[in-house]
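Notes for the structure review
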Amino acid sequence: MRRASGFARAPRHLEVWQRNGAMRFYHNLTISQKQIVWAWAFLALPVLFYVVIRFYPTANAFVLSFQEWNLLGARSFAGFDNYVRLYNDPVFWKVFRNTFMYLILGTPISLVLSFVIAYHLDKVRFMHGTIRALYFLPFMTSAVAMAWVWRWFYQPVPIGVFNNFLASFGFSQIQFLSSTTNALPSVLAPAIWAGLGFQVIIFMAGLRAIPQSYYEAARIDGVSSWTVLWEITIPLLKPTIVFLVVFSSIGFLRIFDQVYNMTTNNPGGPLNSTKPLVLLIYDTAFNGFNMGYAAAQTVVLFTILLIVSLIQLRILRDR
Amino acid sequence: MATLSLRNLVKTYGKVEVLHGISLDVADGEFVVFVGPSGCGKSTTLRMIAGLEEVSGGEIRIGERLVNDLEPKDRDIAMVFQNYAIYPHMSVRKNIGFGLRTAKMPKADKEKRIEEVAAILGMGDLLERRPNQLSGGQRQRVAIGRAMVRDPAVFLFDEPLSNLDAQLRTQMRLEIKKLHQRVGNTIIFVTHDQVEAMTMADRIVIMKDGYIQQVGTPLEVYHKPANTFVAQFIGAPSMNMLPGTWTGGGVRLADGLGIELPRRNATEGAEVVLGLRPDDLLVTDRKGLFSGTVNIVEPLGADTLVYVGVNGHEVIAKASGREPPQPGQTVELTADAGEMHLFDAASGEALP
């Protein structure tokens, strides 16, 4: 009985709704129009957030790159001065080279390493989960803590693990962080190590997605495991590889935490040999208070990221 | 081309034995279909013949040669997989040619062989296509081409038609059968579909729970099923099974109804099961074996399946397609004594 009376009341509610102008408008929409209304209702907050927190500052940075500003005083237009200054700044070109060194060394090394690990780990059944967790652990660890631990590893005898190890076999000491040639690879190593776990997981997911029968068919055809790797596994992993190349390239182009924390007493040192673009921007903006110049550097970084990503997507895209 | 023989083939996974010593001889050029419900061991057997699964016990011989410990590539076999296993990033030509990668023959000969196979399968003009530009049936043909190009002694098919829609399946069934008549290689074909088994096979191997239930030609397994499992598995709809006791001159069904039968190899008073195929149990105007009330009618066009309630249980019978009985109607059912099957109730074995 209660249910019946409930049904009887519902139309009256609807009538009240329909009398209201906005509700009548909504009521008259088609189903797909209603879905659009709801989609925008849910999207409104993130869109607003993105506009205020992302797009507005980005646009502002573009404008700022043509201005002079010390963070407190008035802004004044400077035309292309910031870019001209950047072009003539030897430190910028040094930093530019460093950034590309991080990219050119970091991306291929980390990809090859993570693929080799994933390829073999995929075949291991013994303690599979534990080993995978061990590889993933660095990815979850704070970059700051990790950088400091590695910094400690790199110390000379008797503190540093690596040098102690070398010394116990009678090898000479290696200047890891204090040499202008060794510092960049030394900083890069923990950065690669930190990202490895993530890449291994993604590669393994990609490997798992390849049907087992492809390998069985190849076994029946009797082709070598080398052929299987190069002609079946890697081509089929292409979407995974594209994703990881783009993802890790962006990561290495934006490298900051490891460098900053491993060279705190002289950020980006020695002699700017480890300084990446992001650290230069940070330095210009918050130590030099040269906001316009920093904005110009940011625009350059943005452009590099955009171009590198587009080139990679183009090269690796499926025909 | 070659014979294939299995001797007491056993497969265990850990402590679980899934294949309990099966033996089978396949003649040169024979088309043998393994059929059974999922988990019966038919695919495992096929994969053991292919060399994809290790042999836990027994022997596999291909053309007199013991192949137990040979790598798949050395067994002179080719296999067509359920999901075709054709590589999406390679053209049809490369896919078919993949089977020749390790073959020691000049490149020109390989190309010629690929063209030949493509011509046989009617896809000569599709060689440069990618698999994603092909229809399901064409992909299936590429998979068969990949196997054919190797010209193996034995073809192995692992449920190759189950990913196709019903119409295409019927068509491919016919094509594979024609192909067999043309190339004449020995074929082992695994399926769970008894219609595929009946239509394609020279001989059918019916398996269940890791045992072979019966081996025979399609007509043998249909007309002389070895046990109740085979009787119900082969033929659709399933055979009606009516429990009763053997009286010496016939069967007394559980509900007291007596049905006369020619002499059978059974002792008087034994518990038996009477099997009647729906195709043989016909609705008649005259006095039949027994009568019942029609519950459901399924018109098939040519004839009509009638679900008839007889003393509390339901049997499926066949009626004419033109004037089918209506639900609720009482009908007389009749069957030819020669088409009645008798099984031992306890063991399920046929009583000839």
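Residues numbered from 1 in each chain as written. Chains lettered and ligands numbered in written order. Predicted model: local features only at pLDDT ≥ 70, side-chain atom pairs only at ≥ 80, totals over all residues. Heavy atoms only, no water.

**A short note on the overall build of chain B**
From N to C terminus, chain B includes eight helices and 20 strands. With respect to the principal axes defined by its C-alpha atoms, chain B has extents near 75 × 45 × 35 Å. Across the 352 residues in chain B, those meeting the buried criterion constitute 50%. Within chain B, counting contacts between residues at least 6 apart in sequence, those at least 24 apart form 65% of the total. Surface accessibility of chain B: about 16,000 Å² in total, with carbon and sulfur atoms responsible for 48%. Each charge class in chain B was averaged separately, 39 positive and 44 negative side chains, and the resulting centres sit 8 Å apart. (Helix = DSSP H or I, 4+ residues; strand = E, 2+ residues; numbered from the N terminus. Buried < 20%, exposed > 50% of the residue type's maximum accessible area, 1.4 Å probe, protein only. Contact = heavy atoms within 4.5 Å. Areas by Shrake-Rupley, 256 points an atom, 1.4 Å probe, with all protein chains shown as cover. Lys, Arg positive; Asp, Glu negative; His and termini not counted. Charge placed at Lys NZ, Arg CZ, Asp CG, Glu CD.)

**Some words on the confidence of the model for chain B**
For chain B, per-residue confidence averages 90 on the pLDDT scale, and 100% of positions sit at 70 or higher. Reported confidence for the predicted complex is 0.84 by ipTM and 0.80 by pTM. (pLDDT = per-residue confidence, 0-100.)

**Description of the side chain of Thr227 of chain A**
Residues and elements named next belong to chain A. Relative to the helices and strands, Thr227 resides in helix 11 (residues 225-236). Looking at Thr227, the relative accessible area reads 15%, which means it is buried. Within the local environment of Thr227, its side chain forms a polar contact with the side chain of Ser224, the two groups lying 2.7 Å apart. (Polar contact = N/O pair within 3.5 Å; in protein donor to acceptor, adjacent residues only side chain to side chain.)

**Describing the pattern of salt bridges**
Residues and elements named next belong to chain B. By the definition in use, this model includes 21 salt bridges over all chains. With a shortest N-O distance of 3.8 Å, Lys42 and Glu159 are connected by a salt bridge. Taken together, the residues span a long stretch of sequence, with Lys42 in helix 1 (residues 42-50) and Glu159 in the loop between strand 7 (154-158) and helix 5 (166-183) at a distance of 117 residues. In this pair, the class of Lys42 matches that of Glu159, namely buried. Between Lys318 and Asp279 there is a salt bridge whose closest N-O contact spans 2.7 Å. Separated by 39 residues along the polypeptide, Lys318 in strand 18 (residues 313-320) and Asp279 in the loop between strand 14 (271-276) and strand 15 (282-284) bring together distant segments of the chain. For Lys318, a relative accessible area of 18% puts it in the buried group. Asp279 gets classed as partly exposed once you look at its relative accessible area, which sits at 32%. (Salt bridge = Lys/Arg side-chain N within 4 Å of Asp/Glu carboxyl O.)

**Section: the domain arrangement of chain B**
Residue and element names in this part refer to chain B. The domain architecture assigned to chain B consists of domain 1 (4-232) and domain 2 (235-344). For domain 1 and domain 2, the distance between their C-alpha centres works out to 38 Å. With nine residues of domain 1 in contact, the opposing surface of domain 2 contributes ten residues. Overall, the association of domain 1 and domain 2 removes approximately 900 Å² of surface from exposure, summing both partners, and the carbon and sulfur fraction of that is 49%. It is Tyr222, Ala231 and Gln232 that lose the most area in domain 1 upon contact with domain 2, and together they represent 57% of the buried surface on that side. There are six residue pairs in polar contact (both at pLDDT 80 or more) connecting domain 1 and domain 2. Of all elements in the fold, only helix 7 (218-223) and helix 8 (228-233) reach the threshold of two or more residues within the side of domain 1 that touches domain 2. Tallied by class, residues from the side of domain 1 that touches domain 2 come to four nonpolar, five polar and no charged. (Domains from an automatic or database assignment. Buried area = accessible area lost by both parts, 1.4 Å probe. Nonpolar A, V, L, I, M, F, W, Y, C, P; charged D, E, K, R; others polar.)

**Observations regarding the sheet that holds strand 3 (residues 31-35) of chain B**
Paired through their backbone hydrogen bonds, the strands of a sheet run either parallel or antiparallel. Residues and elements named next belong to chain B. Spatially, the six strands line up as an open sheet ordered 6-7-8-3-9-10, and their pairing is mixed. The sheet is open, and its two borders are formed by strand 6 (77-80) and strand 10 (211-216), each paired with just one other strand. Neighbouring strand axes in the sheet, compared pairwise and without regard to direction, differ in orientation by 20 degrees on average. By the bridge criterion, four bridges tie strand 6 to strand 7 in an arrangement that is parallel. (Pairing = 2+ DSSP bridges. Axes fitted to C-alpha atoms, helices over the stretch in contact; angles between N-to-C directions.)

**Digging into helix 7 (residues 143-153) of chain A**
Residues separated by three or four positions in an α-helix point in the same direction, a consequence of the helix having 3.6 residues per turn. Residues and elements named next belong to chain A. Restricting attention to buried positions, one finds in helix 7 the residues Ala143, Met146, Ala147, Trp150 and Arg151. Within helix 7, the buried residues cover an arc of 140 degrees as seen down the axis, which keeps them to one side. Elements that come into contact with the buried residues of helix 7 comprise helix 6 (128-140), helix 8 (161-168), helix 9 (183-208) and helix 13 (257-262). Here helix 7 starts with a cap whose side-chain oxygen sits 3.2 Å from the backbone nitrogen of Val144, and that cap is Ser142. (Arc of directions from axis to C-beta.)

**Some points on the nonpolar core**
Counting 77 residues, the largest nonpolar core has Phe34, Leu156 and Ile188 of chain B as the members making the most contacts within it. Per element, the largest residue contribution to this core is twelve residues, and it comes from helix 9 of chain A. The contact partners of Phe34 of chain B, leaving out residues within four places of it in the chain, are Leu6, Leu24, Lys42, Thr45, Ile188, Phe189, Val190, Thr191, Val205 and Met207 of chain B. Residues Leu100, Met172, Ile176 and Val221 of chain B belong to the second largest nonpolar core, which totals 44 residues. (Core = buried A, V, L, I, M, F, W, Y, C linked by side-chain atoms within 4.5 Å.)

**Let's talk about the interface of chain A and chain B**
Contacts between the two partners involve 17 residues from chain A, matched on the other side by 26 residues from chain B. Both faces considered, chain A and chain B share a buried interface measuring about 1,800 Å² in area, 56% of it formed by carbon and sulfur atoms. When residues of chain A are sorted by the area they lose upon contact with chain B, Arg219, Ile220 and Asp221 of chain A head the list and together hold 38% of the total. The interface formed by chain A and chain B includes four salt bridges. Two residues, Asp221 of chain A and Arg150 of chain B, come together in a salt bridge whose shortest N-O distance is 3.8 Å. Where chain A packs against chain B, one counts ten residue pairs in polar contact (both at pLDDT 80 or more). The residue makeup of the side of chain A that touches chain B, split by class, is nine nonpolar, three polar and five charged.

**Structural notes on the pairing of strand 19 (residues 330-334) of chain B**
As a general feature of sheets, a regular strand has side chains that alternate between the two faces. Residue and element names in this part refer to chain B. Pairing of strand 15 with strand 19, which is carried by three bridges, proceeds in the antiparallel orientation. Bridging from a neighbouring strand, Leu282 pairs with Thr334 of strand 19. Here strand 16 (residues 290-299) runs beside strand 19; their pairing, made up of four bridges, is antiparallel. Its bridge partner being in strand 19, Ser291 is matched across the sheet by Glu332.

**Re the pairing of strand 17 (residues 303-310) of chain B**
All names here are of chain B. With six of eight residues buried, strand 17 lies mostly within the body of the structure. Across six bridges, strand 16 lies against strand 17 in antiparallel orientation. Within the sheet, the bridge partner assigned to Val297 lies in strand 17 and is Val306. Where strand 16 folds back on strand 17, the antiparallel hairpin that results is connected by three residues, among which Gly301 adopts a positive phi of roughly 100 degrees. Here strand 17 runs beside strand 18; their pairing, made up of eight bridges, is antiparallel. Following the sheet pairing, Asp303 is matched in strand 18 by Ser320. Connecting strand 17 to the next strand, strand 18, in antiparallel fashion are two residues, including Asn311 with a positive phi near 45 degrees.

**With respect to a nonpolar patch on the surface**
Together, Ile36, Trp40, Leu43, Leu45, Val47, Leu48, Phe49, Tyr50, Val51, Val52, Ile53 and Phe55 of chain A make up a nonpolar patch on the protein surface, roughly 1,200 Å² of accessible area in all. Locating Tyr50 of chain A in the fold gives a position in helix 3 (residues 31-64). (Patch = residues over 30% accessible without salt bridge, like charges linked within 9 Å, V, L, I, M, F, W, Y side chains within 5 Å.)

**Brief notes about the domain arrangement of chain A**
By a widespread convention, an interface's size corresponds to the accessible area lost as its parts come together. Along its sequence, chain A is carved into domain 1 (2-64) and domain 2 (81-316). Computed from C-alpha atoms alone, the centre-to-centre distance between domain 1 of chain A and domain 2 of chain A is 44 Å.

**Some remarks on empty space enclosed by the protein**
For the coordinates displayed, the defined rule picks out three cavities of 30 Å³ or more. Taken as a whole, the largest cavity encloses approximately 90 Å³ of empty space. Lining the largest cavity are 13 residues, and of these Ala217 and Asp221 of chain A together with Met79, Phe81 and Arg146 of chain B sit closest to its centre. (1 Å grid on protein atoms, 1.4 Å probe; cavity = no way out; pocket = protein on both sides within 12 Å on 5 of 7 lines; lining within 4 Å. Points joined across faces, edges and corners; volume = space filled by probe spheres on them.)

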